[in-house]
Amino acid sequence: MNLIKRVIIGIVFIPILLWFYYRGGMPLKAILGLLTVLTSYEIIKMYENKGVKLLYFNVVSSFLFYYCIIWSDIHALYILFFIFFFNGLRDVLLSQIDGATQRISGALLTVLYPAIGFSLLFRLSSFHDTLIPVLAVLIWITDTCAYFAGTTLGKRRDIFKCSPKKSIEGFIAGIVFAFVAAWFTRYIDQDFYTTKLVILLGISAGIMGQIGDLFESLLKRDFGVKDSSNMLPGHGGMLDRFDSLLIAAPALYIMLSL
């Protein structure tokens, strides 16, 4: 039953997402803003599992921070300062000393992690209308190949304490297939998908994407949860679905900008 739910959600969810990724503009901006809110909310709930109570106001702050990065870098800094100041001031006024550093740092993580990832993902659309869907597909290929290579060939496991089942064979296979798949992007637009961009896509999807997955696994293991939420039956939460993109997209955007 769980597998059926997973397949059904995948069949419905993936084409819709790819349409938003390709469409760009306001529709993409809106859906990524919604995802920023949902993933921020999931992080707050995971903190509660650890006994750390964060303000739900931070979800709104994450949403504002996301749009500020898109529209104005300097205003994003203003929002960031306000988040830091307001969360610290709350503990000062309420004389809440124990756990103050966890609450302040948790508030910043709640805002920065999703908002930076999704906003820089949106900015990728300015380079080419196919770049975001291509990156997403490459990450799916990486995850799939890493999983099957790990389950069939994986012998050296427990190299990452945050994800004991992940094997070095699966990790390497994910990187290799990411670069192989990235090479075929040249058939989309040879003028844009140059050899340099193919290499950057391979690094982003194959290496940074897998690191994004490991980073979220690190958080979940510390929070003591299996999934970020049960928002998507059979798939876990939104953060579980976009953890790779939240690291791969900013990495690709920064490399292209530099």
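What counts, and at which threshold
- Residues numbered from 1 in each chain as written.
- Predicted model: local features only at pLDDT ≥ 70, side-chain atom pairs only at ≥ 80, totals over all residues.
- Heavy atoms only, no water.
- Helix = DSSP H or I, 4+ residues; strand = E, 2+ residues; numbered from the N terminus.
- Rg over C-alpha atoms; globule rule 2.2 N^0.38 Å.
- Buried < 20%, exposed > 50% of the residue type's maximum accessible area, 1.4 Å probe, protein only.
- Contact = heavy atoms within 4.5 Å.
- Lys, Arg positive; Asp, Glu negative; His and termini not counted.
- Charge placed at Lys NZ, Arg CZ, Asp CG, Glu CD.
- Patch = residues over 30% accessible without salt bridge, like charges linked within 9 Å, V, L, I, M, F, W, Y side chains within 5 Å.
- Areas by Shrake-Rupley, 256 points an atom, 1.4 Å probe, with all protein chains shown as cover.
- Salt bridge = Lys/Arg side-chain N within 4 Å of Asp/Glu carboxyl O.
- Axes fitted to C-alpha atoms, helices over the stretch in contact; angles between N-to-C directions.
- Parallel < 35°, antiparallel > 145°, perpendicular 65-115°, else oblique.
- Left-handed = near helix turned anticlockwise from the far one by under 90°.
- Nonpolar A, V, L, I, M, F, W, Y, C, P; charged D, E, K, R; others polar.
- Expected span 1.5 Å × (residues − 1).
- Core = buried A, V, L, I, M, F, W, Y, C linked by side-chain atoms within 4.5 Å.

Draft legend 1. Representation of the overall build of the chain within the structure. From N to C terminus, the chain includes nine helices and zero strands. Its helices and strands in sequence order give the chain the pattern α-α-α-α-α-α-α-α-α, from N to C terminus. Relative to the 2.2 N^0.38 estimate, which gives 18 Å for 258 residues, the radius of gyration of the chain is 19 Å and therefore close to what a compact globule would have. Dimensions along the principal axes, computed over C-alpha positions, put the chain at roughly 60 × 40 × 35 Å. Here the chain holds 258 residues, and the buried ones make up 49% of them. Taking the intrachain contacts of the chain between residues at least 6 apart in sequence as the baseline, contacts between residues at least 24 apart amount to 70%. Side chains of the chain give 22 positive and 17 negative charges; the mean places of these two sets differ by 4 Å.

Draft legend 2. Highlighting a nonpolar patch on the surface. On the surface, Phe57, Val60, Leu64, Phe81, Phe82, Phe84, Phe85 and Phe86 cluster together into a nonpolar patch covering about 750 Å² of accessible area. Those elements that provide at least two residues to the nonpolar patch are α3 (57-71) and α4 (73-93). Turning to its location among the elements, Phe81 is positioned in helix α4.

Draft legend 3. Seen up close, unusual backbone geometry. A positive phi is found at Ser95, a non-glycine position, where the angle reads about 55 degrees. Mapped onto the fold, Ser95 is located in the loop between α4 and α5 (100-123).

Draft legend 4. Layout of the side chain of Ser244. Looking at the secondary structure, you find Ser244 in helix α9 (residues 238-257). Once you skip the residues sitting within four places of it in the chain, Ser244 turns out to touch Ile139, Asp143, Gly209, Gly212 and Asp213.

Draft legend 5. Inspection of the packing of helix α6 (residues 131-153) against helix α8 (residues 195-223) at higher detail. Contact pair α6 / α8: the axes reach a minimum separation of 9 Å and the direction vectors enclose 50 degrees. Taken together, α6 and α8 sit at an angle that is classed as oblique. For the pair α6 and α8, the sense of crossing is right-handed. Only Leu201, Ser204, Ala205, Gly206 and Gln210 of α8 make contact with α6, whose side of the interface consists of Leu131, Val134, Leu135, Leu138, Ile139, Thr142 and Ala146. Partitioning the contact of α6 with α8 into residue classes produces eight nonpolar, four polar and no charged.

Draft legend 6. Examining α4 more closely. In this model α4 runs 30 Å from its N-terminal to its C-terminal C-alpha over 21 residues, within 8% of the 30 Å that 1.5 Å per residue would give. The inward-facing, buried residues of α4 abut α3 and α5. Ser95 occupies a position one or two residues after α4 and carries a positive phi of about 55 degrees.

Draft legend 7. Quick look at the nonpolar core. Judged by nonpolar contacts, the single largest core of 61 residues is most densely connected at Tyr21, Leu32, Leu121, Leu124, Leu135 and Leu201. Among the elements that line this core, the one with the most residues is α9, at nine residues. Once residues lying within four places of it in the same chain are set aside, the contact partners of Leu135 are Leu124, Leu201, Ser204, Ala205, Leu245, Ala248, Ala249 and Leu252.

Draft legend 8. Fine view of the pattern of salt bridges. Across all of its chains, the model carries ten salt bridges by this definition. Among the ionic pairs, Lys53 bridges to Glu48, the shortest N-O distance being 3.3 Å. Lys53 sits in the partly exposed class, given a relative accessible area of 49%. Note that Lys166 is salt-bridged to Asp213, the shortest N-O span being 3.8 Å. With Lys166 in the loop between α6 and α7 (168-183) and Asp213 in helix α8, this residue pair connects regions lying 47 residues apart in the sequence.

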